[in-house]
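# Summary of structural features
Spelled out from the first residue to the last, the chains are:
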Amino acid sequence: MRVTVVGGGIAGLTCALSLHAAGFAPRVYEAARSIEAIGVGINLLPHAVRELSELGLGGGLASVALAPHLLSYRDRAGGTVWEEPLGRAAGYRWPQYSVHRGRLQMLLLAAVRERLGPACVRTGLLFQRFEQSADGVRSHFLDRSSGLPVLDDADVLVGADGIDSVVRSRLYPDECLPPGNSVHMWRGVARHPHVLDGRSIVVAGGTPGAKFVAYPIEDPATAGTDALLNWVLEVRHGAPPPGGPGRRIGVDEARAGLASWNLPWIDLGALAEDSSAVYEYPMTDRNPLPRWSVGRVTLLGDAAHPMFPMGMNGGSQSVVDSRVLAWCLARDDDAEAALRRYDRMRRPTVNAIVLANRDLGPEKSIALAEEHDGALPVGEAEKIATRYKRLAGATVTQVNTRPSWTVPAVAARERHLG
């Protein structure tokens, strides 16, 4: 079965590795002229780390990422609202990881090129449209260097091309964007002393648009020097700011935005000064779709289910998507039936997470605490967190005991030989 993947980001590369492990030889097409280590921090929850470890990437992840052991919810003055252990400290068999998005993408890209060959990832090719027939799906790309069209014929087309997915727009040409919540995120990384114990994710504030997040993504190079800290400040705009998504925030503007916060365990003025670059992005999602799979075409990752960043779940769900898709394709020679199975197995759960994140997800705890002057009923935060994890299939029991999505080696080898 020939599989084409549109998108060379974390979702697309993980999809390629998952398909290869299941016995396929996918082709990956990326619109950017080159894939580079850009971006800021991302968290991989234990259910995603399990999948990447079963793809043989556990050691590589450990070499580029940090394993936080505590999530600490704080109020605007830095006081503790609620805390919970993370990863192995919570009883999972796999850690949680905080990592620079670019370093993770480079790890995945190197693995794809090593396992599938350097030619399997083609860059500078802009996806335009597709046509389906009873025998397959033809994709049309534009070569950004030559301006010439490029055609690709496959049995399955996977749209892993992000929140602005062109594949999704071809499946749903009349889709309307949701109104949004007027919240924008200032995202930056800075060399800065470790916050708290150096292994904590801190979420301070309350409702969206009044929240500060910080966590380390790289230890100091030598003892006594600064770590690499990822940080996010949420702000609310009455109207979209000039410059659009990706607007660069200057040092003075960043310092002014952080000035209203009083967090005793971090020097926010120094954080603004030390950030290499700060960019502003709208907090956006899309309405859940009634179908991801239409015929021989399907969606995966942010192309299928972009979500608000509550719960740190977007990237992790993309990883699980990839593994389940590969498992479904390996079980059924009928491509359309396999994609329908994948749709049934993944879409209801992830659509529910999208909607839960609109209702603040696990971060409802700090919003409620803010409403009640910092006090929460005993056990309320734990109930909120457990309910969210259960919805996402990510409780300790669910992750530790679920059967593996790994395709048996004999079946995978037969597909490679075939």
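Residues numbered from 1 in each chain as written. Predicted model: local features only at pLDDT ≥ 70, side-chain atom pairs only at ≥ 80, totals over all residues. Heavy atoms only, no water.

Across its twelve residues, helix α11 (residues 380–391) extends 17 Å between first and last C-alpha, which sits within 8% of the 16 Å expected from 1.5 Å per residue. All of the buried residues along α11 are A381, I384, A385 and Y388. End-on, the buried residues of α11 take up no more than an arc of 95°, which puts them together on one face. Pointing more than 90 degrees away from the buried face of α11 are the exposed residues K383 and R390. Where the residues of α11 are buried, they touch β5 (80–85), α9 (335–358) and α10 (364–371). One or two steps after α11, the chain reaches G393, where phi turns positive at roughly 70°. (Helix = DSSP H or I, 4+ residues; strand = E, 2+ residues; numbered from the N terminus. Expected span 1.5 Å × (residues − 1). Buried < 20%, exposed > 50% of the residue type's maximum accessible area, 1.4 Å probe, protein only. Arc of directions from axis to C-beta. Contact = heavy atoms within 4.5 Å.)

Glancing now at the pairing of β5. Along any regular strand the residues' side chains alternate between the sheet's two faces. Bridging between strand β4 (residues 70–74) and β5 involves five bridges; their strand directions are antiparallel. What sits directly across from Y73, in β5, is W82. (Pairing = 2+ DSSP bridges.)

Within the open sheet, the five strands sit side by side as β7-β2-β1-β11-β18. Their pairing is parallel. Of all the strands in the sheet, just β7 (121–123) and β18 (297–299) have a single pairing partner and so form its edges. Averaged over all pairs of adjacent strands, the angle between strand axes in this sheet comes to 20°, irrespective of strand direction. Relative to β7, strand β2 (residues 27–30) runs parallel, the two being bridged by three bridges. Bridging across to β7, E30 finds its partner in T123. Relative to the sheet, α9 contacts β11 (156–159) and β18, its axis offset from that of β18 by approximately 20°. (Axes fitted to C-alpha atoms, helices over the stretch in contact; angles between N-to-C directions.)

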